[in-house]
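The primary structure of each chain is shown beneath.
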Amino acid sequence: MSGIAGFYHPKKNFMEREEYFHNQLKRMNRSQKRRGADDSGTYLSAHCGLSQVRLAVSGLGPSPDHIRGVSLGHEPVLMGEHGRSFALVMDGEIYNQEKLIPQLSGLLPGKGPFSDGSLLLAGFLKEGPDFIKKVNGVFAAAVYDQERRSLFLFRDRLGIKPLFYTDAGEDFLFASGIKPLLSWPGVTARLDLEGLNEIFSIGPARTPGKAVLKDIHEVLPGCFLALSPEGRRESAYWQLESHPHEDSYEETVEKTSFLIQDAVARQVRAEVPICTFLSGGVDSSLVSAVCARELKKKNRRLSTYSFEFQDSEKYFKPSSYQPSLDAPYVKKMAEFLDSDHTVLTCTSKDQYDALFASVDAHDLPNMADVDSSMLWFCTQVGKHHKIALTGECADEIFGGYPWFHRPELFSLDTFPWSADMDARKVLLKDSFARQLDMDGYVARTYEEAVSRTPLLDGETGDEKKRRILSFLNLRWVMQTLLNRMDRDAAAGRIGARVPFADYRIVEYLWNVPWEMKSKNGVVKGLLREAGRGLLPEEILFRRKSPYPKTYDTGYEALLAAGIRRILDDSTSPVLPFLDREKTERFLQSPADYGRPWYGQLMAAPQMMAYILQINDWMKKYHVTLV
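Residues numbered from 1 in each chain as written. Predicted model: local features only at pLDDT ≥ 70, side-chain atom pairs only at ≥ 80, totals over all residues. Heavy atoms only, no water.

Brief notes about the environment of Glu396
The residue Glu396 is located in helix α12 (residues 394-398) in this model. According to the relative accessible area criterion, Glu396 is buried, its value standing at 2%. In the structure, Glu396 is positioned 21 residues away from Leu375 in sequence and 22 Å away in space, judged by C-alpha atoms. Non-local contacts of Glu396, meaning those with residues more than four positions away in its chain, are made with Tyr401, Asn473, Val477, Met478 and Leu481. (Helix = DSSP H or I, 4+ residues; strand = E, 2+ residues; numbered from the N terminus. Buried < 20%, exposed > 50% of the residue type's maximum accessible area, 1.4 Å probe, protein only. Contact = heavy atoms within 4.5 Å.)

Details of the pattern of salt bridges
Taken as a whole and assessed by the stated rule, the structure comprises 46 salt bridges. Here Asp283 and Lys524 are joined by a salt bridge, their closest N and O atoms 2.8 Å apart. Separated by 241 residues along the polypeptide, Asp283 in helix α7 (residues 282-296) and Lys524 in the loop between α19 (514-517) and α20 (525-530) bring together distant segments of the chain. Neither Asp283 nor Lys524 differs from the other in exposure class; each is buried. For Arg301, the salt bridge goes to Asp338, with nearest N and O atoms at 3.4 Å. Taken together, the residues span a long stretch of sequence, with Arg301 in the loop between α7 and β16 (303-309) and Asp338 in the loop between α9 (327-337) and β17 (340-346) at a distance of 37 residues. Residue Arg301 shares its accessibility class with Asp338, and that shared class is exposed. Salt bridges linked by common partners bring Glu98, Asp262, Arg266, Arg269, Asp502 and Arg504 together as one network. (Salt bridge = Lys/Arg side-chain N within 4 Å of Asp/Glu carboxyl O.)

Here's the deal with the UniProt feature "binding site: L-glutamine" (unreviewed entry) in the chain
Feature annotation in UniProt assigns "binding site: L-glutamine" (unreviewed entry) to the following positions: Asp116. For Asp116, the location among the structural elements is in helix α3 (residues 116-127). Beyond its immediate stretch of four places on either side in the chain, Asp116 contacts Met90, Gly92, Glu93, Ile94 and Gln97. (UniProt positions renumbered as here; feature names shortened; annotations may be inferred.)

Concerning the UniProt feature "site: Important for beta-aspartyl-AMP intermediate formation" (unreviewed entry) in the chain
Following the UniProt record, one finds the feature "site: Important for beta-aspartyl-AMP intermediate formation" (unreviewed entry) at Glu392. Mapping Glu392 onto the fold places it in the loop between β18 (387-389) and α12. Residues within four places of Glu392 in sequence aside, it is in contact with Met374, Leu481, Arg484, Met485, Val498 and Phe500.

Some words on the sheet that holds β16
Pairing within the open sheet is parallel, and its five strands lie in the order β17-β16-β15-β18-β19. A strand with exactly one partner marks an edge of an open sheet, and here the two such strands are β17 and β19 (495-497). Put simply, the sheet's adjacent strands are angled 30 degrees from each other on average, direction ignored. α7 contacts β15 (274-277), β16 and β18 of the sheet and is inclined by roughly 160 degrees relative to β15. Helix-sheet contacts for helix α11 (residues 369-381) involve β15, β16 and β17, and the interaxial angle to β16 is about 140 degrees. (Pairing = 2+ DSSP bridges. Axes fitted to C-alpha atoms, helices over the stretch in contact; angles between N-to-C directions.)

This is the structure:
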């Protein structure tokens, strides 16, 4: 886990004010210290500055000393070849080192072990930007070519690692988060109508490439930016390709099983203790089972963690979205694995307080208490472990969500996880909702997203719709959950790994037809068949139960009190958007847990929490409307 940042200008000479720009790099590092408190470093040349903070979760390679303009920890990495000098900063990990190292003999310093950054830079020296296509891993990286005054920014295929940028001012700036960009003189948090729509009409999802604030953007997954004196270009080095699936069902099950097990095995490798997040569902249980097997080969025992809310048995209310509590299944799975298991219990006060810490972690409003409870969970795990494997992303690639199975959601001509626009307007002034044209913004955004789906020639009907829905899940829902996992883990000082997001699994599953993914109508049937022999049948075929939420009315009371404080404070930034009469009426009515307005969990309490986050974000980040 790392945080990277930097600045670039092909004609400016930053070395003329060397101390000033070194201090700017250090300031950027301080603003993202949560992504890595164990190590930091900076690099400065005439036209580019790079900085990095790092959490020590694995062995670090050697770093050079005595280089002009450089104050180094273990990053940045510097190399030279044929009279040219290069520098790199990287957030992420490479999972196929054993395949890459032999290809880079002569370019890597010493005999190893080699840092992931040194591998990536050596590959860049040898093959240029195309080398990134050979890398299996998660990364956001910047490479600077000093002689050619060129900067390259890379982001992994599925956007697991964040990479933001802005050129709103005189210099081009980039960073792992938004806060380092705002630490630059003259860059401020500004919100226009588009940004307001991203929050109120689309949020907590974000349109790919947009970062809510005006003039701040995000490098798209699977893309790189190349900047030089000649200008800037964005290129996609990876994208999904649609073609007929030719494997039999038996071959598909076998290959799916191999890819999942291989992805987990690759990500288990580390020099520090590893744990998994265990919910008792098929996704996290499968990851945990493979992880436990791999660790056992090294005479190591897996540690697992599960998450509960205080008095969950007392307050729990089964629903079509949340059919059962996790605890009984977690207990069975922990016994099956013989893992060193810990149950973490979150109080309503813990969750409420973490709403605001979660804003700090994301630099944006987010999934409210779905995020805040995960952040609290990560902070507790981070006291004991530095690497955690999770079951995130299986639902997106195997079609586990209700909109793949329920006709009334499947048939919608909009984002099915966010179809209830009336629920989004329930607290807002009518005039504000009309000003945003919320329905129109969502319709245009949806049509644009659908138009980017790489359809198979001749595909029609339900298969075409499922292809579109799968693409939207990968680009929207999955990205939101990956953002949650990355930011909350970073806040908890954990390096989170998501093996289901291995691009090889995503590529393969992309073309598997629905009748194989959900054979005989079994939700995520292909995943369950791929897990045969690895899990008990009771776990393998457990009905999907999403990430838990609290049903404690005491938590609702905390949220309602927070909203009333906003209404009573004339300086509350979110106040101009809220209809006081509607909001008071909303606070007095019973909470509606069966009417989600985002995904499967965002009902009335989550809406209140989201408004609290928006207000907190606007206040902390000094957001101005333009």
